[in-house]
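Observations on chain architecture
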Amino acid sequence: MLKGKSAVITGSTSGIGLAIARALAAQGCNVMLNGFGDAQEIEAIRRDLERQHGVRAQYSGADMTRPDEIETMIEDTAAAFGGVDILVNNAGIQYVAPIEEFPIEKWDAIIAIDLSSAFHTTRLALPMMKAKRWGRIVNIASAHGLVASPYKSAYVAAKHGVVGLTKTNRAGGGRAWHYLQRYLPRVCADPVGGRPDRGYRQSARDQPRGSAARRAAGGAAHKTVCATRTSRCAGGLSHRRCGRRDHRQRLDHGRRLDRPMSAKANETSVPAKPRKATRPTDNGHKGNGVKSINLALQGGGSHGAFTWGVLDRLLEDERIGIEAISGTSAGAMNAVALADGFEKGGREGAREALHRFWRAASEGACFSLIQRTPWDQWTGNWSLNTSPGYLALDMLTRLASPYELNPFNLNPLRDFLARQIDFDAVRCCAAIKLFVSATSVRTGRARIFRNAELSPDAVMASACLPNMFQAVEIDGEAFWDGGYMGNPALHPFIYRCATRDIVIVQINPIDSPDTPKRARDILDRINEITFNSSLLAELRAIEFVTRQLDEGSLDARRYKRMLIHRIDGEAELTPLDASSKVNAEWAFLDALHGMGYRAATEWLTRHFEALGEASSVNLRAMFAGG
């Protein structure tokens, strides 16, 4: 589940930290070890992790009292692994003395290592996690984060600080999720106090009275641990077991690293509830109060980022289940990115995969010759109509074919898809059915590629504009863009899905406010009409069947009544000219995402109750011309 992720674990050359590093490596995570110890032993641990788990492991000897060394460690991790996905703040030291005798240098060292280091690592790693819209920060505290023991002033203060730091970050940390582990007595041998805990292998039932230190601290500390014990073993690292609680499982710790916390993670006064499954195998379309939909995603170049925003909002709403997605061109790319992420990490994984896909698309276009002019950037114009690079490409594609301009058929977009999408995961995704349309050059008919047939070539066939790319050959058949015959295709929903609700995410406007006069504007409007024609034809057929069912002319047992809904950004997308579909600047994609997210939010507010009951659009008035 964590394959390809990277983790920094402070204090990981022994004890709890090393156990966490081994557990993460076993899940396919690259790890940066940190801590003190014998150099040969640490190197042996590093090699052992790489040999046993096939991951990359590196070691940093950064001193956790030195912010500059901490920064170097995080930078080294980013350079080696491409970023920091998981941060485990585990480093800690201990010293026991009455407060009036407590050495100042010991106080400063404990606060620096046990508390301040967590602040420094978090501030450095969090921007990387936010950029990826994926991150996990695990802060190791203890029972001393809630209660005190005598003579441990610095340690107790630091652990209380860790609890507060975690809650503050969790409240304002964006999409990087924070976890707090604090109830973990006798978890394993750990040299924080300079010697191992001799009782770490004992279970909770073997310790009816708690440790001498807890008894000496008074009733509060002892009751804190004992009150939530069960008869099950406490000898391993904290984790979830069958949704039941034990003395290690509270609202704000004990979560799996590959799933997010609930929104109530910081409400310590609320009783713990069994955790809902993140990725039900039926995707919610078999009941449980979830309304199931089919999604029809249009193509439209970078305007597909509007669709990303819609999908992001729908995935966020757990009242919505997705049975199937039909997509063309950019819609197909959104579909496979969603399925890839959903297969690996449920809803949250799908959202992260979509963000990662569009972010990578923007980064890949950073050095393109097709960029806005400084004037357009200054005036906030997203169009590329005055871009020299765009104008040159437009002229070339009118004068010569891609077979002449690109005789070796080099296709960076296909290579990008192969890098960004795990098509094995897409083909294995049983929770969401996929239908990707492409147009056969020979027959002019649409071919629908389903999950098991999907590959980079199939998606490229769906996005193959004939004036820009050579036809994509699959099984000896040449294909062009699927938009010519299905943008997207709706009939697979009728024959292959149980759900009747179809939600069309439309990014190609049907209506045009003005009659185009310039040659380029005329051609753009022709393309809009062409790429909407197949969709309108299918909607007319659905409207006709619906009307016949209403009139009783057709047998309702033999014909399915489809319910049609539409999410569009017509008011915001119509002013954007066709050249902006080639604009892959991150600011533009992010703005489109915001438009889509807001449009989906408004649609859910107005039409959620209509799902499963009635269409929320008037097909005759809106699509069939009245």
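Residues numbered from 1 in each chain as written. Predicted model: local features only at pLDDT ≥ 70, side-chain atom pairs only at ≥ 80, totals over all residues. Heavy atoms only, no water.

**Let's talk about the overall build of the chain**
Regarding its fold elements, the chain presents 20 helices and 14 strands. Looking at the chain as a whole, 52% of its 626 residues are labelled buried. Relative to all contacts within the chain whose residues are 6 or more apart in sequence, the contacts with residues 24 or more apart total 72%. As displayed, the chain offers around 28,500 Å² of accessible surface, 54% of which is attributable to carbon and sulfur atoms. (Helix = DSSP H or I, 4+ residues; strand = E, 2+ residues; numbered from the N terminus. Buried < 20%, exposed > 50% of the residue type's maximum accessible area, 1.4 Å probe, protein only. Contact = heavy atoms within 4.5 Å. Areas by Shrake-Rupley, 256 points an atom, 1.4 Å probe, with all protein chains shown as cover.)

**Points about the packing of helix α3 (residues 67-81) against helix α4 (residues 104-132)**
One way to put it is that α3 packs onto α4 with a least axis distance of 10 Å and a crossing angle of 30°. Between α3 and α4 the crossing geometry is right-handed. Contacts from Pro67, Ile70, Glu71, Met73, Ile74 and Ala78 in α3 reach Ser117, His120, Thr121, Leu124, Ala125 and Met128 in α4. (Axes fitted to C-alpha atoms, helices over the stretch in contact; angles between N-to-C directions. Left-handed = near helix turned anticlockwise from the far one by under 90°.)

**Some points on the pattern of salt bridges**
Within the structure shown, the criterion is met by 32 salt bridges. A salt bridge links aspartate 85 to lysine 132; its shortest N-O distance comes to 3.0 Å. Placement of the pair is aspartate 85 in the loop between α3 and β4 (86-89) and lysine 132 in helix α4, with a sequence separation of 47 residues. Its salt-bridge partner being arginine 319, residue aspartate 317 comes within 2.7 Å of it at the nearest N-O pair. Look at aspartate 317 and you get buried, because its relative accessible area is 7%. (Salt bridge = Lys/Arg side-chain N within 4 Å of Asp/Glu carboxyl O.)

**Observations concerning unusual backbone geometry**
A cis amide bond, omega -10°, links asparagine 487 with the succeeding residue proline 488. A positive phi is found at serine 329, a non-glycine position, where the angle reads about 55°. Position of serine 329 relative to the elements: it lies in the loop between β8 (320-327) and α9 (330-364). Unlike most non-glycine residues, asparagine 409 shows phi in positive territory, near 55°.

**Examining the pairing of strand β9 (residues 433-440)**
Burial runs high along β9: 7 of the 8 residues are buried. Here β8 pairs with β9 via 4 bridges, running parallel. Note on β9: the bridge partner recorded for glycine 327 is valine 436. Hairpin connection, β9 to strand β10 (residues 446-450): the antiparallel pair is bridged by 5 residues, and glycine 444 has positive phi, about 75°. Relative to strand β12 (residues 477-481), β9 runs antiparallel, the two being bridged by 3 bridges. Within β12, the residue paired with threonine 439 across the bridge is tryptophan 480. (Pairing = 2+ DSSP bridges.)

**Overview of the nonpolar core**
A general trend in soluble globular proteins is that nonpolar side chains are found buried together. Judged by nonpolar contacts, the single largest core of 65 residues is most densely connected at Leu295, Ile325, Leu338, Ile432, Leu434 and Leu454. With 21 residues, the next largest nonpolar core counts Ile16, Cys29, Ala57 and Trp134 among its residues. (Core = buried A, V, L, I, M, F, W, Y, C linked by side-chain atoms within 4.5 Å.)

**Quick notes on the packing of aromatic side chains**
The final tally for this structure, using the stated rule, is 10 aromatic pairs. Geometrically, the ring pair formed by tryptophan 308 and tryptophan 358 is stacked, given 6.4 Å between the ring centres and 10° between the ring planes. Taken together, the residues span a long stretch of sequence, with tryptophan 308 in helix α8 (residues 304-316) and tryptophan 358 in helix α9 at a distance of 50 residues. For tryptophan 358, a relative accessible area of 6% gives the class buried. Between tryptophan 375 and tryptophan 378, the aromatic rings sit 5.4 Å apart at their centres with planes inclined by 40°, giving tilted as the arrangement. Placement of the pair is tryptophan 375 and tryptophan 378 together in helix α10 (residues 374-379), with a separation of 3 residues, close to one helical turn. With respect to class, tryptophan 375 is no different from tryptophan 378; both count as exposed. Against the face of tryptophan 134 rests arginine 136, its NZ or CZ located 4.3 Å from the ring centre. The ring of phenylalanine 608 has arginine 319 sitting right over it, with the charged end atom 3.8 Å from the ring centre. (Phe/Tyr/Trp six-rings, centres within 6.5 Å; stacked < 30°, edge-to-face > 60°. Lys NZ or Arg CZ within 6 Å of the ring centre and 35° of its normal.)

**Observations concerning a nonpolar patch on the surface**
The grouping of Ile522, Leu523 and Ile526 at the surface amounts to a nonpolar patch, some 220 Å² of accessible area in total. With a relative accessible area of 33%, leucine 523 lands in the partly exposed category. (Patch = residues over 30% accessible without salt bridge, like charges linked within 9 Å, V, L, I, M, F, W, Y side chains within 5 Å.)

**Notes on helix α2 (residues 39-53)**
Taking 1.5 Å as the rise per residue, α2 with 15 residues should run 21 Å; its terminal C-alpha atoms sit 21 Å apart, in good agreement. Along α2, the residues classified as buried are Ile42, Ile45, Arg46, Asp48 and Leu49. Across the axial projection of α2, the buried residues extend over an arc of 160°, all falling on one side. Residues of α2 that are exposed and point more than 90 degrees away from the buried face comprise Ala39, Gln40 and Arg51. Check the buried side of α2 and you find it contacts α1 (15-26), β2 (30-34) and β3 (57-60). With a side-chain oxygen lying 3.1 Å from the backbone nitrogen of glutamine 40, the N-terminal cap of α2 falls on aspartate 38. Immediately beyond the C-terminal end of α2, within one or two residues, lies glycine 54, with a positive phi of roughly 65°. (Expected span 1.5 Å × (residues − 1). Arc of directions from axis to C-beta. Polar contact = N/O pair within 3.5 Å; in protein donor to acceptor, adjacent residues only side chain to side chain.)

**Section: the pairing of β3**
Note that β2 and β3 share 4 bridges and pair parallel. Bridged to leucine 33 within β3 is tyrosine 59.

**Some thoughts on the side chain of serine 580**
Topologically, serine 580 is positioned in the loop between α18 (570-573) and α19 (586-607). Of note is the side chain of serine 580, whose polar atom sits 2.7 Å from the backbone oxygen of aspartate 577. Every residue in contact with serine 580, bar those within four places of it in the chain, is listed here: Ser302, His303, Trp382 and Phe588.

**Let's talk about α9**
Helix length check: α9 (35 residues) gives 16 Å between terminal C-alpha atoms against 51 Å at 1.5 Å per residue, more than 12% under. Taken as a whole, α9 carries its principal kink of about 145° at glycine 345. Among the 35 residues in α9, 28 count as buried, and that is most of the element. (Bend = angle between axes of the 7 residues up to and from the residue.)

**Focus: the confidence of the model for the chain**
Per-residue confidence for the chain gives a mean pLDDT of 80, with 80% of residues at or over 70. The secondary structure element of the chain with the lowest average pLDDT is helix α7 (residues 219-226), at 40, and the one with the highest is strand β1 (residues 6-9), at 96. For residues 181-190, every residue scores under 50 in pLDDT, and the model assigns this stretch 51 contacts once sequence neighbours within four places are set aside. Low pLDDT (under 50) marks residues 193-282, which in the prediction has 169 contacts with non-local residues, meaning those over four places away or in another chain. (pLDDT = per-residue confidence, 0-100.)

**Comments concerning the environment of valine 472**
Within the secondary structure, valine 472 is located in strand β11 (residues 472-474). Considered as a pair, valine 472 and valine 441 are 31 residues apart in the sequence and their alpha carbons are 9.6 Å apart. When sequence neighbours within four positions are dropped, the list of residues in contact with valine 472 reads Asp457, Met460, Ala461, Cys464, Glu477, Ala478 and Phe479.

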